Amino acid sequence: MNSLRFMLRTIRGLMARPGPALSLLYLTVVVLAAALAEVLPIDPFSQDFVMMLEGPSAAHWFGADELGRDILARVIYGARTSLVTAAGAVAIAGAIGIPMGLVAGFFGGWRDAVLMRIVDVMMALPAILFAMALIAVFGRSQGAALLAVGLTGVPGFARIVRAQVLTLRRRDFVVAVEAFGGTSGYNMFRTILPNSWSQILVQVVVLSSVAILLEAALAFLGVGVPPPTPSWGEMLRTGKSYLYEAPYYAVLPGIALTLTILSFDTIGRGLARILENPRDVAAAGGPT
Amino acid sequence: MIGYVLRRILQLLPVLLLASIGIWAMLYAVPGGPVGMILGENATPEQIAATRAELGLDRPVVVQYLDWLGSVFRGDLGLSIHSREPVLDLIMHRLPATLQLAFVATIVAILLGVPVAIISAMRPGSWLDRVLSGWSALALGVPTFWLGILLILLFAVYLHLLPSASVYAPLWSDPVTALKSLILPALTLGVYVSGVLARFLRASLVSEMNADYVRTARSKGLPERQIMRAHIIRNAMLPFITIVGLQMAAFIGGAVVTEAVFTYPGLGRLLIQAINTRDYPLIQGCIVVILVIYVLINLTVDVIYAYVDPRIEYR
């Protein structure tokens, strides 16, 4: 129950400020729309040739694209592509980066040196180029996009967890577990990791924003999730070709994308503030 | 000073070595490997064996890698599969366009970012500070490619002031065409970088403003402007330069995307074309060159840092 109370308190802390509160509200709407897309009376694939590149109307609130498909429907299904890619990418980044950081920080020495050089290499190329290189090798597919975006997130997790381990490594409760004969694995995953969750949580939210941006950028460059899967980046890419005929086509998906990125970023920074300074939550009227 | 730079290069060596192995191994990780890439799927075993021998793939892996690394150092990046031209020539043909874009975008970023940072740091917490901080959050959060589209809509589609697609013209020989083509891409990329500059320079300035020497300067009656100019900005530059160096990767990535928005004929577009045509030697070449540029920028940042801060010993 402790974690539930912690969660409620954190959410209440976020709701206390207008920026994070609005962001949370917007993301809830996006997540619900993406999750319930099948239930909604929309179809992202059906073509209405009469309405091709027509502007917003009662039948098509956001207008129709070059194949006469409903843009609003594609924006909503595109939200699903973005959110699924972000979730998958964060999971991949965490699954690789967190153990890397734990091992590097806990053991130090040659393991630390080797793992951190690998991290340095991953950071030597701009994330988008690193992702493009991976897609060039794997070929263009949803899986490749997910893996590429996920791998670019590994250094962030590895460095944050490593730094956290270094500050906890010599603390009494960790040394005590060691003294009682606890294995290194037990110490890393059962003693240190549970004390690092708040930093990891902030990184998860920040990385979600980066992952959504990266997925959209790859799709915009024509190397991301392949069509006909609706994706915000792909819509902007196609919409750019019809700026004269249908300007709203490239504008509306962009608004959805930008608000999602800004929301994740705002919540990430709000979380960092709350978790660094728990009294902020209390001052905001939450239970102490 | 020279010793310091050499030491920094030595520290970079393991990273560069690992990165070069990664770039080299790309070819081998492709389904079908280098042979399948050249011959396609319907090759006979004899053809495959002949091509393997021709490419030297029957030699030990280490020898193959060192051979590749040696030719990279000699500036030989191989031939493009698609156009059969030397990869280095193709890259050198496009590189000036990208450097020109980066140069103008950097000026835009400094002109926009530095005043914003200084004005908001003068009165931290004021409404002006909040507005300007909000602006830099926006500059960082709005995707580069969407901002580019909005600028095209406004300046090309509605106002008919600037072209929607950019061409490359050298600034020194044809400044009018060059600037007309560069304004929108440089603004798009520059706004993003200005957000980075504004956020970090402001943080750096605010933390310096509480330092003892600032209080001393105030108590001896120096005007606020002079304290800012002669004391705070100088000291705040140090952490700021480091951050700017770290952010250069994002800058290069942003340039690739910006080139795609404006169909600007630079290195980024070349890389995208190479990926779309699966031209692996060209992909490798582009990545090698970008990596070298990135390393050079970081070295330059280190040198500037050492130059600005006399406290750094060149050990």
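This one's a predicted model, so the numbers in the text were calculated from it and none came from an experiment.

(A) Structural detail: helix α5 (residues 127–138) of chain A. Residues and elements named next belong to chain A. With 12 residues, α5 extends 17 Å from end C-alpha to end C-alpha; this agrees with the ideal 16 Å at 1.5 Å per step. Counting buried residues along α5, 10 of its 12 residues qualify, which places the element largely inside the surrounding structure. Just past α5, the residue Gly139 takes up positive phi, approximately 85°.

(B) The arrangement of the environment of Arg202 of chain B in detail. Residues and elements named next belong to chain B. Relative to the helices and strands, Arg202 resides in helix α8 (residues 175–209). When its relative accessible area of 22% is taken as the criterion, Arg202 is described as partly exposed. Sequence-wise, Arg202 and Leu88 are 114 residues apart; in three dimensions their C-alpha atoms are separated by 41 Å. With near-sequence residues (within four places) excluded, Arg202 lies in contact with Ala117, Ser120, Ala121, Pro124, Gly125, Asp129, Ser133 and Leu197.

(C) Region of interest: the domain arrangement of chain B. Residues and elements named next belong to chain B. Taken domain by domain, chain B comprises domain 1 (2–86) and domain 2 (88–308). Each of domain 1 and domain 2 has a C-alpha centre, and the two are 33 Å apart. Contact residues are listed per partner, giving 24 residues for domain 1 and 21 residues for domain 2. Carbon and sulfur atoms supply 74% of the area that domain 1 and domain 2 bury against each other, a total of about 2000 Å² over both sides. By the criterion of area lost to domain 2, the three top residues of domain 1 are Ile23, Leu77 and Pro86, representing 27% of everything that side buries. Remark: the boundary between domain 1 and domain 2 carries zero salt bridges. Summed over the shared surface of domain 1 and domain 2, the number is five residue pairs in polar contact (both at pLDDT 80 or more). Only α1 (2–29) and α4 (61–73) provide two or more residues apiece to the side of domain 1 that touches domain 2. Ranked by the residues each element gives to the side of domain 1 that touches domain 2, the list is headed by α1, at 11 residues. The class makeup of the residues in the side of domain 1 that touches domain 2 is 18 nonpolar, four polar and two charged.

(D) The arrangement of the nonpolar core in detail. In terms of nonpolar packing, the biggest core is built from 144 residues, with Ile128, Met132 and Leu221 of chain A together with Phe145 and Ile283 of chain B touching the most fellow members. Take this core: its biggest share by element is 13 residues, from helix α10 (residues 224–261) of chain B. Two domains each provide a minimum of three residues to this core, namely domain 1 (2–86) and domain 2 (88–308) of chain B. If sequence neighbours within four positions are ignored, Ile283 of chain B has contacts with Ala136 of chain A together with Met26, Leu271, Ala274 and Ile275 of chain B.

Reading guide: rules and limits
Residues numbered from 1 in each chain as written. Chains lettered and ligands numbered in written order. Predicted model: local features only at pLDDT ≥ 70, side-chain atom pairs only at ≥ 80, totals over all residues. Heavy atoms only, no water. Helix = DSSP H or I, 4+ residues; strand = E, 2+ residues; numbered from the N terminus. Expected span 1.5 Å × (residues − 1). Buried < 20%, exposed > 50% of the residue type's maximum accessible area, 1.4 Å probe, protein only. Contact = heavy atoms within 4.5 Å. Domains from an automatic or database assignment. Buried area = accessible area lost by both parts, 1.4 Å probe. Salt bridge = Lys/Arg side-chain N within 4 Å of Asp/Glu carboxyl O. Polar contact = N/O pair within 3.5 Å; in protein donor to acceptor, adjacent residues only side chain to side chain. Nonpolar A, V, L, I, M, F, W, Y, C, P; charged D, E, K, R; others polar. Core = buried A, V, L, I, M, F, W, Y, C linked by side-chain atoms within 4.5 Å.

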